[in-house]
Amino acid sequence: KLLNFIIITMTMTTRSSRRYVPTSQTRQHLGFIPKKWKADFQRTTFCTLGLIGLVSYQTLLLIATDSFMNRYEREQGPEKEFGLILDPFERTPAAVSGSAPAEIESLEKESGFGPDQAPQSMACVERVLHKCQMYACLKHANGTVTRDKRIMESRDSLFGYPGHFVHRDIDVERKSMTQGGGSRWDAGCAVSDKYKFVYVHVLKSGGSATKEFIRKSLCGEDDADCKRVDEHIVKPVGCSSAVKQYPDYFFFSFARNPFSRMYSMYSMMDGFPKASGKKGPGSVTDEFKFDQFVLKPTERSKHTLMSPSHYIEQSKFLFSSDNCPVFDYLGRLEYYDDDMRTILNHLNATVMLQYMDSNGGRVEPVNTWGSSKKKSKGGDLISAYGSEENVIQKVANDYRRDFELLGYSTRVVPSH
């Protein structure tokens, strides 16, 4: 905009100056440049130099700010980062589970509201320097939203999008994710006009189980592709197109600890062996060890036919290129059943809740390659990673954006 202004100013003043350019005959008689022409030229030069100085100042300011942020990041390390907010506080994995009962009681006491009126802990999104930034906030009974000072001042909490509803500032709009899925049931999104929701499928984060649950609860046990029900009840849809077609629907998905997700990717290779033979536990992983899978990603295609799309970061399915969340609620695979019930209650999806209750209040898992493989390691993910610090660091580096935006610690490998 500044450059356009400079060009327009120079053009206007130059055109204006031409009116005062004397003819050759006039120059012969006068022998000097008219004062008006000289004044216009000086004014143009002054404006141009002033605007160039302003642009230079802003550029240097941005460079200095970026340099400071990079230096701070290097000193603190990636584990100190809090989404896009550089958090100077120590982080522990405790708050990954969202607001604990003690925190809820504290909210009730501080606010003076009862259990039904206590402020709701949310993940608020604002736009800073052309990118979205998340901060902890509280939605009060009267509808107002304020920053959550308890979280901001706490030195022992880890706050992220998972387990929280999203509140967007007025200048933050829903934008398409970086990586959109297909329009089929296997890897695409699902939309329900009846309940006005869009489920965003993130590969290796409970997607198959969620799709299976949606189909069976809304279409019946024996209608695998929901072809016997009206399309307005539920249908598959391309994820990127869903953002454009249904911007006012409720978008939800599930996230997973990147350490756990990496081991699930590794275990799933047993279902897609490249060499001839029978697929099953150990068909690939007995030969191609976990540390090799992590440290040598280019070797994976030599052992499995599994699509490389399963290795893509979760954040590419869930966020736009400028880190704005696509979802309105992001559940946690670690607390899948509880978070699914939270979503269904919000949607008032009574039919889906009834189906869930008929199955003991839980959603049946579908792909269990990771669970089967972990059993051979004693059922503990920590023992699967072992003491290989380079393996842990490789996962932390390759999926750094997931750790940052989803609020998981790069220093703690979960037990499951």
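This one's a predicted model, so the numbers in the text were calculated from it and none came from an experiment.

Moving on, we get to the overall build of the chain. A tally of helices and strands in the chain yields 16 helices and 11 strands. Out of the 416 residues belonging to the chain, those deemed buried represent 44%. A separation of at least 24 residues holds for 70% of the contacts in the chain among residues at least 6 apart in sequence. When the accessible area of the chain is evaluated, it comes to approximately 22,200 Å², of which 54% is carbon and sulfur surface.

As for its placement among the helices and strands, His 201 is situated in the loop between strand E8 (197–199) and helix H6 (207–219). Taking relative accessible area as the criterion, His 201 reaches 4% and is therefore assigned buried. Of note is the side chain of His 201, whose polar atom sits 2.9 Å from the side chain of Lys 211.

In this section: the state of the cysteines. Under the definition given, this model contains four disulfides. There is a disulfide in this structure between Cys 124 and Cys 137, and the S-S distance comes to 2.0 Å. When the S-S torsion is 85°, as for the bridge of Cys 124 with Cys 137, the disulfide is right-handed. Highlighted residues: Cys 124 in strand E3 (residues 120–128) and Cys 137 in strand E4 (residues 131–139), separated in sequence by 13 residues. In this structure Cys 124 comes out as buried when scored by relative accessible area, which is 0%. In this model, Cys 132 is linked to Cys 324 through a disulfide, with the two sulfur atoms separated by 1.9 Å. Taking the sign of the S-S torsion, 75° for the link of Cys 132 and Cys 324, the bridge is right-handed. With Cys 132 in strand E4 and Cys 324 in the loop between helix H10 (314–318) and strand E11 (329–332), this pair connects stretches of sequence that are 192 residues apart. With a relative accessible area of 0%, Cys 324 lands in the buried category. Along the chain, the cysteines engaged in disulfide bonds are linked according to the scheme 1-3, 2-8, 4-7, 5-6 when indexed in sequence order.

Looking at the chain as a whole, the pLDDT averages 78, with 72% of positions reaching at least 70. Taken as a whole, residues 15–20 scores under 50 in pLDDT and shows seven contacts with residues more than four places along the chain or in a different chain. Counted against residues more than four places away or in other chains, residues 72–113, with its pLDDT under 50, gives 83 contacts.

The N-to-C vectors of helix H11 (residues 336–347) and helix H12 (residues 350–358) enclose an angle of 155°; their axes lie 9 Å apart at closest approach. Compared by their axis directions, H11 and H12 come out roughly antiparallel. Here H11 and H12 pass one another in a crossing that is left-handed. Residues Asp 337, Met 340, Arg 341, Leu 344 and Asn 345 of H11 pack against Met 352, Leu 353, Met 356 and Asp 357 of H12. Among the residues making up the contact of H11 with H12, the classes are represented as five nonpolar, one polar and three charged.

Turning to the pattern of salt bridges, a few remarks are in order. Counted by the stated rule, this structure contains 17 salt bridges. Between Arg 168 and Asp 328 there is a salt bridge, with the nearest N and O atoms lying 2.8 Å from each other. Note that Arg 168 is positioned in strand E6 (residues 165–168) and Asp 328 in the loop between H10 and E11, a separation of 160 residues in sequence. Side by side, Arg 168 and Asp 328 carry an identical accessibility label, which is buried.

In terms of nonpolar packing, the biggest core is built from 47 residues, with Tyr 161, Met 262, Phe 290, Phe 293, Tyr 385 and Val 395 touching the most fellow members. Top element by residues in this core is helix H8 (residues 258–268). It accounts for six residues. If we skip the residues at most four places from it in the chain, Met 262 touches Phe 290, Phe 293, Val 294, Arg 300, Tyr 385, Val 395 and Tyr 399. Among the nonpolar cores identified, the runner-up in size contains 32 residues, and Leu 218, Ile 233, Phe 252 and Leu 344 belong to it.

This brings us to the packing of H6 against H11. In helix packing, the relevant descriptors are the interaxial angle and the interaxial distance, both defined with respect to the helix axes. Remark: H6 packs on H11, axes separated minimally by 13 Å, with the N-to-C direction vectors making an angle of 45°. Put simply, H6 runs oblique to H11. Here H6 runs over H11; the crossing is right-handed. Residues Ala 209, Thr 210 and Phe 213 of H6 pack against Tyr 336, Met 340 and Leu 344 of H11. Considered class by class, the residues forming the contact of H6 with H11 number five nonpolar, one polar and no charged.

So, on to H12. Within H12, the full set of buried residues consists of Met 352, Leu 353, Tyr 355 and Met 356. Down the axis of H12, the buried side of the element spans an arc of 160°, and every buried residue falls inside it. Exposed residues on H12 whose side chains face more than 90 degrees from its buried face are Gln 354 and Ser 358. Those residues of H12 hidden inside the fold are in contact with E8, H6 and H11. The positive-phi residue at the C-terminal boundary of H12 is Gly 360, with phi of around 80°.

Right, let's get into the pairing of strand E7 (residues 189–192). On E7, burial covers both faces: Cys 189 and Val 191 on one face and Ala 190 and Ser 192 on the other are all buried. In the sheet, E7 pairs with strand E9 (residues 235–237) via three bridges, with the strands oriented antiparallel. Within E9, the residue paired with Cys 189 across the bridge is Val 237. Sheet analysis places E7 next to E8, joined by three bridges and oriented antiparallel. Bridged to Ala 190 within E8 is Tyr 199. Connecting E7 to the next strand, E8, in antiparallel fashion are four residues, including Lys 196 with a positive phi near 55°.

The rules behind each value
Residues numbered from 1 in each chain as written. Predicted model: local features only at pLDDT ≥ 70, side-chain atom pairs only at ≥ 80, totals over all residues. Heavy atoms only, no water. Helix = DSSP H or I, 4+ residues; strand = E, 2+ residues; numbered from the N terminus. Buried < 20%, exposed > 50% of the residue type's maximum accessible area, 1.4 Å probe, protein only. Contact = heavy atoms within 4.5 Å. Areas by Shrake-Rupley, 256 points an atom, 1.4 Å probe, with all protein chains shown as cover. Polar contact = N/O pair within 3.5 Å; in protein donor to acceptor, adjacent residues only side chain to side chain. Disulfide = S-S within 2.5 Å. pLDDT = per-residue confidence, 0-100. Axes fitted to C-alpha atoms, helices over the stretch in contact; angles between N-to-C directions. Parallel < 35°, antiparallel > 145°, perpendicular 65-115°, else oblique. Left-handed = near helix turned anticlockwise from the far one by under 90°. Nonpolar A, V, L, I, M, F, W, Y, C, P; charged D, E, K, R; others polar. Salt bridge = Lys/Arg side-chain N within 4 Å of Asp/Glu carboxyl O. Core = buried A, V, L, I, M, F, W, Y, C linked by side-chain atoms within 4.5 Å. Arc of directions from axis to C-beta. Pairing = 2+ DSSP bridges.

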